[in-house]
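Below are the chains, spelled out letter by letter.
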Amino acid sequence: MSTVINAEGSGAARSVTGVRIEAVAVRKSYGRKTAVQDVSFVLAPGERVGIVGESGSGKSTMAKIVTGLSRSTAGTITVDGKELNSLLSTQKGRLDYRRRVQLVAQDTTSTFDPRHRIRESLRVPAQLLAGHDVRDADVAIGEITAELGIDPAWVDRYPGELSGGQRQRMSIARALIVRPDLLVCDEAVSALDVSVQGVVLNLLRRYSVEHGAGLMFVSHGLPATAFITRELVVMNEGRVVESGRTLEVLEHAKHPYTQKLVGAYEAVEDVPAA
Ligand SMILES: Nc1ncnc2c1ncn2[C@@H]1O[C@H](COP(=O)(O)OP(=O)(O)OP(=O)(O)O)[C@@H](O)[C@H]1O
Ligand SMILES: [Mg+2]
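This one's a predicted model, so the numbers in the text were calculated from it and none came from an experiment.

Chemist: Report on helix α7 (residues 194-211), specifying residues and quantitative values.
Modeler: The end-to-end C-alpha distance of α7, which contains 18 residues, comes to 26 Å, matching closely the 26 Å that a straight helix rising 1.5 Å per residue would cover. Buried residues of α7: Val196, Gln197, Val200, Leu201, Leu203, Leu204, Tyr207, Ser208 and His211, and no others. Taken down its axis, α7 places every buried residue within 160 degrees of arc, on the same side. Opposite its buried face, α7 presents the exposed residues Val194, Ser195 and Val209, each directed more than 90 degrees away. Close packing links the buried residues of α7 with β3 (48-53), α5 (134-147), α6 (164-176), β7 (182-186), β8 (214-219) and α8 (222-228). One or two steps after α7, the chain reaches Gly212, where phi turns positive at roughly 70 degrees.

Below is the structure:
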């Protein structure tokens, strides 16, 4: 039995509770450049929400703001009704938030310290955030990596010795080991081939369903997003242009960008099998 994914595991150090996150009229500017503006959405506890949109539409900006890695310029983010910026104003608050909300970053090179073997980078969150002792941390590392189909030998490598796809799975392991209430995945499966993608997507969905954990799934790719999410937010040029139940948004796409996205997906689906 996995200590990471299944609630009854021996290393179930932290119990997962749902978290409600509400973004209201969020804006983020970098100097004169506005990355996102007037972005509002609700991540209900245990909900799986996709954020799609073309490159540069502001998806990663929102992922970083929701996870507390970046601060908004205007607007508010509330977490179970409390203002995120005030939660992050103390060291204890920042640590608590890291326990509750984890990010699988788009750029996996910055996730791991190049001077340390991956095992060290997994032990730190397992101990500091999930509350394992060192022995249980290693057990949890063994289990979560096995669930992700990771070769155990990779854990004792340095990050620079892994491929982008291998590092991407390690990055998911590092986030899941914390057993967060909300997992924010920014293009977390984009470097994986389709069969491995299936394993990872199934695991993420199981984690959400079995624990009531939320998932914010940021992606360019519609098939994976449609599979894993129940709600969808479509962004274009820094704004939300459409949102709702995933299937409804896709079936009745109103905005030209959403129609284009669905059209591209259907065109791929229509290619006859060789
Ligand atoms: N640190 C930064 N400084 C200046 N501009 C930035 C910074 N980070 C992002 N931007 C700009 O903000 C906009 C939104 O970027 P963001 O990374 O959120 O897009 P994205 O939707 O995640 O794109 P992609 O699909 O390519 O990952 C872009 O125009 C980008 O150039
Ligand atoms: Mg991005």
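Chemist: Now, about the sheet that holds strand β9 (residues 231-236): what can you tell me, with residues and values included?
Modeler: The strand order across the open sheet built from six strands is β6-β7-β8-β3-β9-β10, with neighbouring strands paired in mixed fashion. Two strands bound the open sheet, and with one partner strand each, they are β6 (101-104) and β10 (239-245). On average, adjacent strands in this sheet sit at an angle of 15 degrees to one another, irrespective of strand direction. Where β7 and β8 come together, five bridges link them in parallel fashion. Paired with Val184 across the strands is Met216, a residue of β8. Strand contacts of helix α1 (residues 59-66): β3, β6, β7, β8 and β9, with the helix running at about 155 degrees to β8, the strand carrying the most contacts. In the packing of helix α3 (residues 91-100) onto the sheet, contacts are made with β6 and β7, and the angle to β6 comes to roughly 65 degrees.

Chemist: Run through the site of ligand 1, naming residues and quoting values.
Modeler: Near ligand 1 lie 13 residues; those nearest to it are Ser55, Gly56, Lys59, Thr61 and His220. The side chain of Ser55 places a nitrogen or oxygen atom 2.5 Å from an oxygen atom of ligand 1. With the chains in place, 65% of the 640 Å² that ligand 1 exposes on its own is no longer accessible. The set of elements that each furnish at least two residues to the shell around ligand 1 consists of β2 (33-43) and α1. For the shell around ligand 1, the element with the highest residue contribution is α1, accounting for three residues. Partitioning the shell around ligand 1 into residue classes produces two nonpolar, eight polar and three charged.

Rules of the game
- Residues numbered from 1 in each chain as written.
- Chains lettered and ligands numbered in written order.
- Predicted model: local features only at pLDDT ≥ 70, side-chain atom pairs only at ≥ 80, totals over all residues.
- Heavy atoms only, no water.
- Helix = DSSP H or I, 4+ residues; strand = E, 2+ residues; numbered from the N terminus.
- Expected span 1.5 Å × (residues − 1).
- Buried < 20%, exposed > 50% of the residue type's maximum accessible area, 1.4 Å probe, protein only.
- Arc of directions from axis to C-beta.
- Contact = heavy atoms within 4.5 Å.
- Pairing = 2+ DSSP bridges.
- Axes fitted to C-alpha atoms, helices over the stretch in contact; angles between N-to-C directions.
- Near = heavy atom within 4 Å.
- Polar contact = N/O pair within 3.5 Å; in protein donor to acceptor, adjacent residues only side chain to side chain.
- Areas by Shrake-Rupley, 256 points an atom, 1.4 Å probe, with all protein chains shown as cover.
- Nonpolar A, V, L, I, M, F, W, Y, C, P; charged D, E, K, R; others polar.

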